[in-house]
Amino acid sequence: MTDVVIVGGGPAGLTAALFAQKNGLESTVLDTDGTWMHKAHLFNYPGIGSIDGSAYMETLREQVDSFGVDRRQGTKATGVEETDDGFHVATDGDAVEGRYLVLATGANRDLAESLGCAFDGDVVDVDVTMETSVDGAYATGAMVRIEEWQAVISAGDGAAAALNILSKEKGEHYHDFDVPSDAEAVFGGMADEA
Ligand SMILES: Cc1cc2nc3c(=O)[nH]c(=O)nc-3n(C[C@H](O)[C@H](O)[C@H](O)COP(=O)(O)OP(=O)(O)OC[C@H]3O[C@@H](n4cnc5c(N)ncnc54)[C@H](O)[C@@H]3O)c2cc1C
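Residues numbered from 1 in each chain as written. Predicted model: local features only at pLDDT ≥ 70, side-chain atom pairs only at ≥ 80, totals over all residues.

Going by an unreviewed UniProt entry, the chain carries the name FAD-dependent oxidoreductase and comes from Halobaculum saliterrae.

Spelled out as structure tokens, the structure:
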């Protein structure tokens, strides 16, 4: 049993994993590496002038790995159901159980449908926290949008989902705010170069 099971390792799923794991929730990501980012070149990701989509994914994967996310590349989630204390996710390998579920499967909405999440037309119905109609289950990124598919929006959805999970866990609204002295504590005099 982990804290958060995330299905999909594109910008949405890995950003959810980053925020959750960085703030103390054990996170497992299942991903089949079909992210559209492998077809993209980003000129529109704020703070980054120009980056190949696969290079962006490599950096993001290294970032989540550095915080200790259990990233299971090449593992496909084949089914998901609610349990008494969370969710059971069947895969083509070992099953995973988690107290929270984040779906981040791009434009594929099959798992959300089989879980019984409400839809708004063709897309999964979520509020601004990205929570679905199923308590503790979140849907993020391309699966909650008819079009308007952008990497930064998916990443933002993943962050919103993780922060809402953290707020539930801590019983108050939660921010992941760091300040320069945090970087100095980690990197010392190398903070600006790191
Ligand atoms: C040609 C092209 C160019 C683009 N150019 C840009 C651009 O310039 N700027 C920009 O912002 N956006 C661009 N995009 C869009 C951008 O790639 C998407 O908005 C973004 O990748 C969506 O992120 P996501 O995390 O929601 O889904 P995805 O990136 O699609 O990730 C979903 C992941 O879930 C995995 N998955 C699905 N089902 C399962 C399952 N059952 N079990 C395990 N894993 C599963 C998939 O394999 C995939 O890795 C472009 C897209 C394309 C196709």
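> Hey, could you run me through the overall build of the chain in this one?
Across its full length, the chain holds 5 helices and 11 strands. Taking 194 residues into account, the globule formula puts the C-alpha radius of gyration at 16 Å, and the chain, at 16 Å, falls close to it. Overall, the chain is about 50 × 35 × 30 Å in size when its C-alpha atoms are taken along their principal axes. When contacts within the chain are restricted to residue pairs at least 6 apart in sequence, those whose partners lie at least 24 apart make up 55%. (Helix = DSSP H or I, 4+ residues; strand = E, 2+ residues; numbered from the N terminus. Rg over C-alpha atoms; globule rule 2.2 N^0.38 Å. Contact = placed C-beta atoms within 7 Å.)

> Quick question: what am I supposed to make of the UniProt feature "domain: FAD/NAD(P)-binding" (unreviewed entry) in the chain here?
According to UniProt, the "domain: FAD/NAD(P)-binding" (unreviewed entry) feature falls on residues 2-38 and 58-155. Overall, residues 2-38 shows 32% helix and 30% strand. The separation of its end C-alpha atoms is 29 Å. Between the C-alpha atoms that bound residues 58-155 there is a distance of 15 Å. The span itself is 20% helix and 33% strand. (UniProt positions renumbered as here; feature names shortened; annotations may be inferred.)

> Help me out: how do you make sense of the site of the ligand in this one?
The environment of the ligand is made up of 32 residues, and the closest members are Gly8, Gly10, Gly34, Gly106 and Gly141. Here the residues of the shell around the ligand are counted per class, giving 14 nonpolar, 14 polar and 4 charged. (Near = placed C-beta within 6 Å. Nonpolar A, V, L, I, M, F, W, Y, C, P; charged D, E, K, R; others polar.)

> What's the story with the nonpolar core in this structure? I'm lost.
Side chains of nonpolar character tend, in soluble globular proteins, to be buried together. Ranked by internal contacts, the top residues of the largest apolar core, which has 50 residues, are Ala16, Val102, Leu103 and Ala139. Counting residues per element, this core draws most heavily on helix H4 (residues 151-170), which supplies 8 residues. Ignoring any residue separated from it by four or fewer positions in sequence, one finds Val102 in contact with Val4, Ile6, Gly13, Ala16, Tyr138, Thr140 and Ala161. (Core = buried A, V, L, I, M, F, W, Y, C linked by C-beta atoms within 7 Å. Buried ≥ 20, exposed ≤ 12 C-beta atoms within 10 Å, placed from the backbone.)

> I'm lost on helix H1 (residues 11-22) in this one. Help?
Three- or four-residue spacings in an α-helix give side chains the same orientation, since the helix completes a turn every 3.6 residues. For H1, spanning 12 residues, the distance from its first C-alpha to its last is 16 Å, which sits close to the expected 16 Å at 1.5 Å a residue. For H1, a buried count of 11 out of 12 residues is recorded, marking the element as mostly surrounded by other parts of the structure. Considered for burial, the residues of H1 that qualify are Pro11, Ala12, Gly13, Leu14, Thr15, Ala16, Ala17, Leu18, Phe19, Ala20 and Gln21. Following H1 by one or two positions, Gly24 adopts a phi angle in the positive range, close to 100 degrees. (Expected span 1.5 Å × (residues − 1).)

> For this particular structure, what's the right way to read the packing of H1 against H4?
Each pair of packed helices gets described by two things: the angle between the helix axes and the distance between those axes. With their axes 7 Å apart at the nearest point, H1 and H4 run at an angle of 35 degrees to one another. Relative to H4, the crossing made by H1 is right-handed. Taking contact as the criterion, the partners of Pro11, Ala12, Gly13, Thr15, Ala16, Phe19 and Ala20 in H1 are, on H4, Ala151, Ser154, Ala155, Asp157, Gly158, Ala159, Ala161, Ala162, Leu163 and Ile165. Partitioned by chemical class, the residues of the contact of H1 with H4 number 12 nonpolar, 4 polar and 1 charged. (Axes fitted to C-alpha atoms, helices over the stretch in contact; angles between N-to-C directions. Left-handed = near helix turned anticlockwise from the far one by under 90°.)

> Honestly, helix H2 (residues 53-66) in this entry has me stumped. Any pointers?
In this model, H2 (14 residues) spans 20 Å end to end at C-alpha, consistent with the 20 Å of a helix rising 1.5 Å per residue. Taken together, the buried positions of H2 are Tyr56, Met57, Leu60 and Val64. Viewed along the axis of H2, the buried residues span an arc of 100 degrees, placing them on a single side of the element. In this structure, H2 carries Ala55, Glu58, Thr59, Glu62 and Ser66 as exposed residues pointing more than 90 degrees from its buried face. Residues of H2 that are buried make contact with H1, strand S3 (41-42), strand S4 (51-52) and strand S5 (70-73). Where H2 terminates, the next one or two residues include Gly68, which has phi positive at roughly 95 degrees. (Arc of directions from axis to C-beta.)

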